[in-house]
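Close look at the chain arrangement
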Amino acid sequence: MSHNQIVRYDGRYDVVVIGSGFGGSVAALRAAEKGYAVAVLEAGRRFADHEFPQTSWRTRRFLWAPRLGCYGIQRITLLRGRRGAGVLVLSGAGVGGGSLVYANTLYRPLPDFYTDPQWREITDWQAELAGWYDLASRMLGVTTYPRDTPADVAVRAVAQRMGVGETYHPTPVGVHFGPPGETVDDPYFGGAGPPRAGCRHCGACMTGCRHNAKNTLVKNYLWLAERAGVTVEPLTTVTAVRPADGGGYAVQAVRTGAGPACGRRTLHAGQVVFAAGALGTQRLLHAMRAGGTLPHLSDRLGALTRTNSEAILGASVPAGAARKRGTDYSQGVAITSSFHPDSRTHIEPVRYGPGSNAMGLLQSVLVPGGRWRPLRWLGRLLAAPHVAVRMLWLRRWSQRTIVALVMQSLDNSVTVGWRRGWSGRRRLFAVPGHGAPNPTWIPAGHEAARLLAEEIGGIPGGAVTEAFNVPMTAHILGGAAIGASAVEGVVDAYHRVFGHPGLHVLDGAAVSANPGVNPALTITAQAERAMALWPNRGEPDPRPPLGAGYRRLDPVPPHHPAVPGLWPVAG
């Protein structure tokens, strides 16, 4: 090791977890239960409930842009690409990761997910994951939304007009539905969890629940993990993971937003779990491979990056008409129902709370795909400028608008690489990948948006980037897919990184197919299964050696469970 590579270790742990979202929080708790000393490094800040922004206009607490002094919960990332591979990505930040900003929607995936060619030959994934979905559902407090909102009435009518009214159903969500605003002792973990308050149905889930009703990870996995001895370090950005002298790995980090040299430190761990979100994990792994730090990473890194085949559309009632009718589509939790136009497509109404109108800046007129799409979009604006003005009028936007989140379980993907941009800095870049092209528009979604506009007397819309064939997704996945070998994937079926023993990927990057539904429950279930197969500290590892063939194993119960009674779970 050269002089400028010499590092000082200021923290030694058995396990370092990079990221505190669904996969990272599961890893932290389950490793601690098995006797490991665990540190979680999170780039974002920690929020108490009252510190979440009151509306999305409180940009310093809502948006994530550390260089601008914004340390909020909502990341917006443009993944540049060519030939239709670019995508605008919404994701989360902060202690609790995506759970702070997500819509608390916890579906199990559509059938195509389990039989995707990438991983179907390894095992019967539907059978193997079933028990872990049950456990994840219990931990996240999944329940069915109990009310019928004005947006649900409109969406149900759309489903009926599309001939699929029987597929409409209320949403499974992770929210405490006690008497609104009333605080009770822990209702989930026999007193081991925090007190909770009943949901107020205010629609503000995606700007951060200020009322202690949303089952974010800081109310379950992370709460229990910290009480089991896990160290969580916010505002800590990992910059490198490299093999350490004497074994294990050195994890280098800096203080978030403080410059490349400020707060620089290095932790040592025998095991490192990458759980920084699909883009965060990919960015770090690509940088380490390009720099020669982790040279044995699979060439499949970046392949099978998925957008969940998603589009974000919707419809808005003009301000004057909404005022006269007393329209308010912000009632409820973020997502309260859904339906299926076909067996592979899933549509949900989404909402923000009153006053949270900033995301309306991403809305524009709806233009179907095909040739000359940007010119046709411009033509629509010029032909009807009053429509464009109405759509840009943001007063009461959240109360006048029903966002339509469209998801599919189709086998499409992009391949994300690591290349130098015009500024000389390296960044992620996408090109078309395996399967059908990543959709730049979804016809069934456009039909639903137009019918929704008719139902509410509004104007159909889509993301402004869609007009330029850059779809928007709230669920970027994959890029470190599970495979039978390093030729086929980045991690094995136990989520261990091929080529580098001691490294693991437990976040959305390891989701190997489009689930066609909100993926939070799937990420959690996959992480639960992976951690259940870890040995207790100091005991033999039941898993076959890295690179050996897969075999199904019984879970290894922890010696120190945070919540007694959860084991055994069928393997």
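The text that follows walks through the structure, step by step, so that each part is easy to find. (Residues numbered from 1 in each chain as written. Predicted model: local features only at pLDDT ≥ 70, side-chain atom pairs only at ≥ 80, totals over all residues. Heavy atoms only, no water.)

Those residues of helix 9 (residues 385–392) that sit buried are V387, A388 and M391. Projected down its long axis, helix 9 shows its buried positions confined to an angular sector of 100°, all on one face. Where the residues of helix 9 are buried, they touch strand 20 (363–365), helix 8 (373–383) and strand 24 (459–463). (Buried < 20%, exposed > 50% of the residue type's maximum accessible area, 1.4 Å probe, protein only. Helix = DSSP H or I, 4+ residues; strand = E, 2+ residues; numbered from the N terminus. Arc of directions from axis to C-beta. Contact = heavy atoms within 4.5 Å.)

Between helix 3 (residues 125–140) and helix 12 (residues 520–532), whose axes approach to 8 Å, the crossing angle comes to 105°. Between helix 3 and helix 12, the angle is such that the two are roughly perpendicular. For the pair formed by helix 3 and helix 12, the contact residues are W125, E128, L129, W132, Y133, L135, A136, S137, M139 and L140 on the first element and L521, T522, T524, A525, Q526, E528, R529 and A532 on the second. For the contact of helix 3 with helix 12, the class distribution of residues is 11 nonpolar, 4 polar and 3 charged. (Axes fitted to C-alpha atoms, helices over the stretch in contact; angles between N-to-C directions. Parallel < 35°, antiparallel > 145°, perpendicular 65-115°, else oblique. Nonpolar A, V, L, I, M, F, W, Y, C, P; charged D, E, K, R; others polar.)

Attention now moves to the pairing of strand 14 (residues 249–255). The buried fraction of strand 14 is high, at 6 of 7 residues. Judged from the 7 bridges that link them, strand 13 (residues 236–243) and strand 14 form a sheet pairing that is antiparallel. The residue of strand 14 that forms the bridge with T236 is R255. Two successive antiparallel strands, strand 13 and strand 14, enclose a turn made up of 5 residues, where G246 displays a positive phi of approximately 90°. (Pairing = 2+ DSSP bridges.)

Let's shift gears to the sheet that holds strand 5 (residues 74–79). Pairing is mixed in the open sheet, where 3 strands are placed in the order 5-6-25. Each having just a single partner strand, strand 5 and strand 25 (472–473) make up the two edges of the open sheet. Note: strand 5 against strand 6 (residues 87–92), 6 bridges, orientation antiparallel. Of the residues in strand 6, the one forming a bridge with L79 is V87.

A complete count under the given rule lists 12 aromatic pairs for this structure. Taking the centre distance of 5.1 Å and the plane angle of 70° together, the rings of F22 and Y102 count as edge-to-face. Of the two residues, F22 is situated in helix 1 (residues 22–33) and Y102 in the loop between strand 6 and helix 3; the sequence distance between them amounts to 80 residues. Look at Y352 and W397: their rings are 6.3 Å apart centre to centre, the planes differ by 45°, and that puts the pair in the tilted class. Residue Y352 is located in the loop between strand 19 (345–350) and strand 20, and its partner W397 is located in helix 10 (residues 397–400); the two are separated by 45 residues in the primary sequence. Across this residue pair, the class does not change: Y352 and W397 are buried. (Phe/Tyr/Trp six-rings, centres within 6.5 Å; stacked < 30°, edge-to-face > 60°.)

Another aspect to go through is the packing of helix 4 (residues 150–161) against helix 11 (residues 443–456). In contact at an axis separation of 9 Å, helix 4 and helix 11 are set at 125° when each is read in the N-to-C sense. Comparing their axes, helix 11 and helix 4 come out oblique. At the point where helix 4 passes helix 11, the crossing takes the right-handed sense. Each of A154, V155, A157, V158 and R161 in helix 4 lies in contact with helix 11, whose residues at this interface are A448, L451, L452, E454, E455 and I456. Class assignment of the residues belonging to the contact of helix 4 with helix 11 gives a composition of 8 nonpolar, no polar and 3 charged. (Left-handed = near helix turned anticlockwise from the far one by under 90°.)

What follows is about the pattern of salt bridges. Within this structure, the stated rule accounts for 21 salt bridges. The partner of E33 in a salt bridge is R30, and the shortest N-O contact between them spans 3.0 Å. Of this pair, E33 and R30 both sit in helix 1, separated by 3 residues, roughly a single helical turn. Among the salt bridges present, the one from R306 reaches D116, with a minimum N-O distance of 3.4 Å. Taken as a pair, R306 in strand 16 (residues 305–306) and D116 in the loop between strand 6 and helix 3 lie far apart in primary sequence, 190 residues in all. Just as R306 is buried, D116 falls in that class too. (Salt bridge = Lys/Arg side-chain N within 4 Å of Asp/Glu carboxyl O.)

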